[in-house]
Amino acid sequence: MKLLIKFLSPLFAILLLGYTANAQRYWAPDGYQYYTTQNGEIVSLDARDATKKTVLASVDQLTPQGGKAINVRRFTITADGQKILINTNTKRVWRQDTRGDYWLFDAANKTLKQIGKDKPASSLMFAKLSPDGSKVAYVSGNNIYVEDVAGGTAKALTTDGTDRMINGTFDWAYEEEFDARDGFRWSPDSKTIAYWQIDARKIKNYLMLNTTDATYPFVVPVEYPVAGEDPSACKIGVVDVTTAQTKWMDVPGDNVQHYIPRMEWTTNANELILLQLNRPQNEEKIFICNAQTGAARSIYQEKSDAWVDVRGNAVGWDWVKQGKAFLLLTEKDGWKHIYRVGLDGKETLLTPGDYDVISISRIDEKNGFIYFIASPDNATQRYLHRVKLTGGRAERLSPYALPGTHSYDISPNGKVAIHSFQNSYTAAASEVISLTDHKYISGTQIKLNTAAKNKPEFFKVKTVDGIEMDGWMVKPTNFDASKKYPVVFYVYGEPATQTTADTYSAGKNSRYAGSMADDGYIYISVDGRGSPAPKGAKWRKAIYRNIGIINIRDQAMAAAEILKWPFVDPTRVAVHGWSGGGSSTLNLMFQYPEIYKTGIAVAAVDYQLTYDNIYQERYMGVPTNDEGRSYFIKGSPVTYAKNLKGDLLYIHGTGDDNVHYNNAELLINELVKYNKPFQLMSYPNRSHSISEGEGTTKHLQTIFTKFLKEHCPPGGR
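Residues numbered from 1 in each chain as written. Predicted model: local features only at pLDDT ≥ 70, side-chain atom pairs only at ≥ 80, totals over all residues. Heavy atoms only, no water.

An unreviewed UniProt entry lists the protein chain under the name Dipeptidyl-peptidase-4, with Mucilaginibacter auburnensis given as the organism.

Phe-326, Phe-590 and Tyr-596 are the most contacted members of the largest nonpolar core, which totals 106 residues. Among the elements that take part in this core, helix H4 (residues 550-562) stands out by supplying seven residues, more than any other. Counting 24 residues, the second largest nonpolar core, distinct from the first, contains Tyr-512, Val-602, Leu-700 and Ile-703. (Core = buried A, V, L, I, M, F, W, Y, C linked by side-chain atoms within 4.5 Å. Buried < 20%, exposed > 50% of the residue type's maximum accessible area, 1.4 Å probe, protein only. Helix = DSSP H or I, 4+ residues; strand = E, 2+ residues; numbered from the N terminus.)

Pairing is antiparallel across the open sheet formed by four strands, whose spatial order is E33-E34-E35-E36. The open sheet is flanked by strand E33 (405-410) and strand E36 (439-443), the only strands paired with a single partner. Averaged over all adjacent pairs, the angle separating strand axes in this sheet is 35°, with direction ignored. As judged from the seven bridges shared by strand E34 (residues 416-423) and strand E35 (residues 426-434), these two strands associate in the antiparallel manner. Note that in E35 the partner of Val-416 across the bridge is Ser-434. (Pairing = 2+ DSSP bridges. Axes fitted to C-alpha atoms, helices over the stretch in contact; angles between N-to-C directions.)

Here we come to the layout of surface pockets. Here the second largest pocket defines a volume of roughly 820 Å³. In terms of lining residues, the second largest pocket is bounded by 36 residues, among which Arg-92, Val-93, Trp-94, Arg-99 and Pro-221 are the most central. Across the lining of the second largest pocket, the residue classes break down as twelve nonpolar, twelve polar and twelve charged. A domain-level breakdown of the lining of the second largest pocket finds at least three residues from each of domain 1 (15-156) and domain 2 (457-711). (1 Å grid on protein atoms, 1.4 Å probe; cavity = no way out; pocket = protein on both sides within 12 Å on 5 of 7 lines; lining within 4 Å. Points joined across faces, edges and corners; volume = space filled by probe spheres on them. Nonpolar A, V, L, I, M, F, W, Y, C, P; charged D, E, K, R; others polar. Domains from an automatic or database assignment.)

The next subject is the domain arrangement of the protein chain. Looking at the assigned domains, one finds that the protein chain contains domain 1 (15-156) and domain 2 (457-711). Domain 1 and domain 2 are separated by 42 Å when their C-alpha centres are compared.

Here the UniProt feature "domain: Peptidase S9 prolyl oligopeptidase catalytic" (unreviewed entry) sits at residues 515-711. Between the C-alpha atoms that bound residues 515-711 there is a distance of 17 Å. The span itself is 40% helix and 17% strand. (UniProt positions renumbered as here; feature names shortened; annotations may be inferred.)

Before going further, it helps to spend a moment on the pairing of strand E39 (residues 485-490). Within E39, five of the six residues are buried, leaving the element largely enclosed by the surrounding structure. Taken together, the five bridges between E39 and strand E41 (residues 568-578) define a ladder with parallel strand orientation. Following the sheet pairing, Tyr-485 is matched in E41 by Val-568. Direction of pairing for E39 relative to strand E40 (residues 522-527): parallel, over a ladder of three bridges.

Topologically, Lys-235 is positioned in strand E19 (residues 233-240). The partly exposed category is assigned to Lys-235, whose relative accessible area is 29%. Taking the C-alpha atoms as reference points, Lys-235 and Lys-346, 111 residues apart in sequence, are found 27 Å from one another. Setting aside residues no more than four positions away along its own chain, Lys-235 makes contact with Tyr-195, Trp-196, Gln-197, Trp-248 and Asn-255. (Contact = heavy atoms within 4.5 Å.)

Put simply, H4 and helix H5 (residues 580-591) touch, their axes get as near as 10 Å, and they point 65° apart. As judged from the angle between their axes, H4 and H5 are roughly perpendicular. As for how H4 packs across H5, the hand of that crossing is right-handed. Where H4 abuts H5, its residues Asn-551, Ile-552, Gln-555 and Ala-556 lie against Ser-584, Asn-587, Leu-588 and Gln-591. Grouping the constituent residues of the contact of H4 with H5 by class yields three nonpolar, five polar and no charged. (Parallel < 35°, antiparallel > 145°, perpendicular 65-115°, else oblique. Left-handed = near helix turned anticlockwise from the far one by under 90°.)

So, about the sheet that holds strand E2 (residues 25-27). In sheet architecture, strand pairing relies on hydrogen bonds along the backbone and comes in two forms, parallel and antiparallel. Spatially, E2-E3-E4-E5 is the arrangement adopted by the four strands of the open sheet, whose pairing is antiparallel. Strands with a single pairing partner mark the edges of an open sheet, and in this sheet they are E2 and strand E5 (49-57). For this sheet, the mean angle separating the axes of adjacent strands, direction not counted, is 30°. Bridge count between strand E3 (residues 33-38) and strand E4 (residues 41-46): six bridges; the pairing is antiparallel. Bridge pairing in E4 links Tyr-34 to Leu-45.

Before going further, it helps to spend a moment on the side chain of Thr-158. Here Thr-158 is to be found in the loop between strand E13 (154-156) and strand E14 (165-167). Judged by relative accessible area, which is 5%, Thr-158 ranks as buried. At 2.7 Å, the side chain of Thr-158 and the side chain of Asn-143 are in polar contact. Within the structure, the side chain of Thr-158 is placed 3.0 Å from the backbone nitrogen of Ile-144, a separation counted as a polar contact. Excluding residues that lie within four positions of it along the chain, Thr-158 makes contacts with Asn-142, Asn-143, Ile-144, Asn-167 and Tyr-195. (Polar contact = N/O pair within 3.5 Å; in protein donor to acceptor, adjacent residues only side chain to side chain.)

Attention now moves to empty space enclosed by the protein. Under the definition given, this model contains four cavities of 30 Å³ or more. Lining the second largest cavity are eleven residues, and of these Glu-284, Val-308, Asp-309, Leu-329 and Thr-330 lie nearest its centre. Of the residues in the lining of the second largest cavity, the class split is five nonpolar, two polar and four charged.

What follows covers the packing of aromatic side chains. One pass over the structure, following the stated rule, counts 26 aromatic pairs. Among the aromatic side chains, those forming a connected cluster through ring pairs are Trp-172, Tyr-224, Trp-307, Tyr-544, Tyr-611, Tyr-615 and Tyr-619. (Phe/Tyr/Trp six-rings, centres within 6.5 Å; stacked < 30°, edge-to-face > 60°.)

Working note: regular strand, side chains alternate between the two faces of the sheet. For E33 and E34, the ladder comprises six bridges, and the chain directions are antiparallel. Note on E34: the bridge partner recorded for Tyr-408 is His-419. Hairpin geometry of E33 and E34 is characterised by an intervening segment of five residues between the two adjacent antiparallel strands and by a positive phi of about 70° at Gly-414.

Here it is in structure tokens:
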């Protein structure tokens, strides 16, 4: 959430929490203090001197009468530090633990009370204090409730919620592909709540079979719209917290054939701003809606020959000019840039140049700057820049002495920041700096790990197609250039992940039991076209309708060049990947069997028409006819399974709600049909991460390592 605090009541401006595992730090309005948890307490620390600590809620104060101390999973706090809303006892909803219990601690009178105590345990989602601090709203059972803080009385604002009629949160596809989870917003005047309603009643179920948790197997249905199937209907309503009456926004366009991945209030308590995508996701419109009448007017439109990228913009709006304009990241000129868009529709480019803005870090309107992350000269790295609010030439602030990946949590006053850094040989670390001169203030000062040995080597490789790709390589320990070593490629290859970022994970393989370098493997990853690298929209969107084709050729042609290196053994070449990387592994094994001799594919999309519509249609088009379906089929591993020549280990969890197990069975059928021997490891009831269950991670590492060593023996020759 990026609504500027100054547009809310100074006393009760809420610091809102994103539902991520590490989000446990929130700046106080002064820009020097921040709130966090320590040893079960909620405290305020001074960024300039962390020894200066004020306890806002002690363990004793967070212990209900006759109960155990609350385990603080996450919290929100009013700007005056007087009301703290605490989330605890959380349970996972698909990927993240967004269901739980909530407690409200009043620091002024030292009281602790449970919110929604009449609801089932761990059923509340996204509880939020109203801006005036008088009420708490939350979702339970796909309905929205509001509860009075003083009296404790609660009432339902929606009553039609079911497992398929979803108010105030989202279905599986919205959550997975738009990062949309929290589905309601308090109005600035605390009188109404705007919310999403997702109607998934026509979405078909994928039926997972649980065969281990009861004597008789039982079905676990997951509403899941595959590519080619209509998505859930979506609309936006504004409900009056007094009357519980909803006014629906009259947004143009069919609510089944359009998505609304973003919605917030403007700084006006009677206006909403929302972003709408058409189903192919190649046309974006931004509307201003009148909350009382529902009338919607378009203020911005954008079209693309491929897709309009709204990822990274899922929550919040960056307001400037006292709410008369906002900042928007768009690739409309071929590079991802910041534009200022007025509510009158007037647009101004603020970051001109042939480079990508990766993300906005902070808007310091008082001092006239926008801080953002970019890396114009090295697509594997990330650095802080700033530009004037009026636009112009960007200035780099991250020090040149620290090459790698930087991130910044910038204080509201724009004077200090918590600076985090890592690179391929330096573990992630944080310090507090003064922002404009990037000088160290407190914490453990960041230093490069100059003692690191056998560091990953970054390189560039140009293919026969003239495509220059970034890569990293870790050579064997005690490398001998006169010998030839086996090479193991790590791949992803789709628009969701860049594998060659200069981070501490580069060159590391958590699936391998032991040290690949010590055992004598060369470990390599390269990123081809379609990867989300800051190389311009042309690079990223070359993969449109080409997943499984162009990204696979780029990987293979890069490998072909690498196999010419004198220390690489072309007879011992392995490849592995997970999810989209599993798909790439299979396609590489099947389409280029002369290069890749050994493959380990995990949780792969083996047939693209089985994957969800939001993701697959974004990058491959909507398969409404035979031609549209042909792109999906052409890029699917099952299409090429008959070409397998090498040694393949395929791994999948039968409880995978993301890439369903029917992918594995479709692939198995093809390999059986063409008499292609392979090895299969199915993990009962494990999800896409294959992490549940005692011993699972160790077992996967064991079979991964054993298979690799047997079929792609390590060591120089």
